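Spelled out, the chains give:
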Amino acid sequence: TACGAAEKTGDIVSKAGEAASEIINEAGSAVDGAVSDVTSGTTSNTQTATIENADDAIRALQAGNESYLSGTATMNVSESLRTDLATNGQKPHTVVITCSDSRVPPELLFNSGLGELFVIRTAGNVVDEFEIGSVEYAADHLGSPLVLVMGHSHCGAVGAAVEGHAEGNIESIVEEITPSVEKAKEEATSEDEITTKAEDLNVENSIKNLRESEILKGLEDSGKIKIVGAKYDIDTGKVTFFDNTNK
């Protein structure tokens, strides 16, 4: 009887081992397939899309943000893509002007691979001659059809402007944002409401400054580019595009 029980136990252990081996093999195959997809770039939501104009670019960014929100983002950073970009040059579909805040990485938020975004970051997403010149280069020389100014919630630069004080060179950033704060105070009362409104108005102010560029104005007037605004919600991860394409 003891011998029979031992044999049965041995059979059970053997079958369990075989089942475990099959599970491990299947899991390994799944991982290998996922790695292959990522390195080949087949899972990138935006890189494989044909983007011919600003509207295509907006749709690609929105799809990328949805992937980011759902946790299915897989950016194309493959060796073959690096080689192609090094050999043939870049052609980013969107210029993104956004804040330097470490919580606001555009490539991640939009599930964008190498060569897709031309990113310019400053505290408070403000623009001056250097930033505007960089946008002109991307739009006029690289052919980027979309220029996106993206603000975000909980912006420290806007918060500093609302509080009304800054030190060192930060003061120049606060001075640029202050007109948006003053305008926000005409429409809101509490500090939180003023800050939220000022974040939106600050995006519009940067768009206004971009449109003072003769090069960008000419490209937009001729329909070669669109300059639009958006806001990233740090709490939810959602990017909301503004309806401000009209001048």
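A. Spatial organisation of the overall build of the protein. What the protein contains, in helices and strands, is 9 helices and 5 strands. Taken from N to C terminus, the helices and strands of the protein fall in the order α-α-α-β-α-β-α-β-α-α-α-α-β-β. Here the protein, with 247 residues, has 40% of them falling under the buried criterion. Across the protein, contacts joining residues at least 24 apart in sequence account for 70% of those joining residues at least 6 apart.

B. Just the sheet that holds strand β3 (residues 146–152), in detail. Within the open sheet, the 5 strands sit side by side as β2-β1-β3-β4-β5. Their pairing is mixed. In the strand order of this sheet, the two ends are held by β2 (117–122) and β5 (239–241), each with one partner. For this sheet, the mean inter-axis angle between neighbouring strands, taken without regard to orientation, is 25°. Against the sheet, helix α2 (residues 54–70) touches β1 (94–99), β2, β3, β4 (226–232) and β5, its axis set at about 35° to β3.

C. Just a nonpolar patch on the surface, in detail. Together, Y68, L69 and L108 make up a nonpolar patch on the protein surface, roughly 230 Å² of accessible area in all. Relative to the assigned elements, L108 resides in helix α4 (residues 106–109). Accessibility expressed as a relative area gives 41% for L108, which makes it partly exposed.

D. Structural detail: the state of the cysteines. Scanning the model with the defined rule gives 0 disulfides in all. Distance from the sulfur of C99, which forms no disulfide, to the nearest cysteine sulfur (C155) is 4.4 Å.

E. Summary view of the nonpolar core. In this structure, V95, I97, V135, V147, L210 and L216 are the most contacted members of the largest nonpolar core, which totals 20 residues. Only β1, β2, α5 (129–141), β3, α8 (191–210) and α9 (214–221) provide two or more residues apiece to this core. If you tally residues by element for this core, the top one is α5, at 4 residues. Apart from residues lying up to four places away in sequence, V95 is in contact with F118, I120, V135, A138, S144, L146, V147 and L148. By size, the runner-up hydrophobic cluster in this structure holds 18 residues, among which are V104, L146, Y232 and V239.

F. Spotlight on the packing of α5 against α9. Running from N to C, α5 and α9 point in directions that differ by 35°, and their axes come no closer than 9 Å. Every pair of crossing elements has a handedness; the one defined by α5 and α9 is left-handed. Contacts from I132, V135, E136, A139 and D140 in α5 reach I215, L216 and L219 in α9. Across the contact of α5 with α9, the residue classes break down as 6 nonpolar, no polar and 2 charged.

G. Region of the structure containing the packing of aromatic side chains. Enumeration over the complete set of coordinates arrives at 1 aromatic pair. Look at F118 and Y137: their rings are 6.1 Å apart centre to centre, the planes differ by 50°, and that puts the pair in the tilted class. Placement of the pair is F118 in strand β2 and Y137 in helix α5, with a sequence separation of 19 residues. Here F118 falls in the buried class, since its relative accessible area comes to 15%.

H. Main features of unusual backbone geometry. One non-glycine residue, N125, lies in the positive phi region at around 40°. Inspection of the secondary structure assignment puts N125 in the loop between β2 and α5. Residue classification places N125 among the buried positions, given a relative accessible area of 2%. Not every positive phi belongs to a glycine, and H154 is a case in point at roughly 55°. Along the chain, H154 falls in the loop between β3 and α6 (156–163). Residue classification places H154 among the partly exposed positions, given a relative accessible area of 46%.

I. A look at a negative patch on the surface. On the surface, a cluster of negative charge is contributed by E163, E191, D192 and E193. Tallying contributions element by element places α8 first for the negative patch, with 3 residues. Secondary-structure assignment places E193 in helix α8.

J. A look at the side chain of S213. By the secondary structure assignment, S213 is in the loop between α8 and α9. At 3.2 Å, the side chain of S213 forms a polar contact with the backbone nitrogen of L216. In this structure, S213 is in contact with I132 and E136, ignoring residues within four places of it in sequence.

So, how was this worked out
- Residues numbered from 1 in each chain as written.
- Predicted model: local features only at pLDDT ≥ 70, side-chain atom pairs only at ≥ 80, totals over all residues.
- Heavy atoms only, no water.
- Helix = DSSP H or I, 4+ residues; strand = E, 2+ residues; numbered from the N terminus.
- Buried < 20%, exposed > 50% of the residue type's maximum accessible area, 1.4 Å probe, protein only.
- Contact = heavy atoms within 4.5 Å.
- Pairing = 2+ DSSP bridges.
- Axes fitted to C-alpha atoms, helices over the stretch in contact; angles between N-to-C directions.
- Patch = residues over 30% accessible without salt bridge, like charges linked within 9 Å, V, L, I, M, F, W, Y side chains within 5 Å.
- Areas by Shrake-Rupley, 256 points an atom, 1.4 Å probe, with all protein chains shown as cover.
- Salt bridge = Lys/Arg side-chain N within 4 Å of Asp/Glu carboxyl O.
- Disulfide = S-S within 2.5 Å.
- Core = buried A, V, L, I, M, F, W, Y, C linked by side-chain atoms within 4.5 Å.
- Left-handed = near helix turned anticlockwise from the far one by under 90°.
- Nonpolar A, V, L, I, M, F, W, Y, C, P; charged D, E, K, R; others polar.
- Phe/Tyr/Trp six-rings, centres within 6.5 Å; stacked < 30°, edge-to-face > 60°.
- Lys, Arg positive; Asp, Glu negative; His and termini not counted.
- Charge placed at Lys NZ, Arg CZ, Asp CG, Glu CD.
- Polar contact = N/O pair within 3.5 Å; in protein donor to acceptor, adjacent residues only side chain to side chain.

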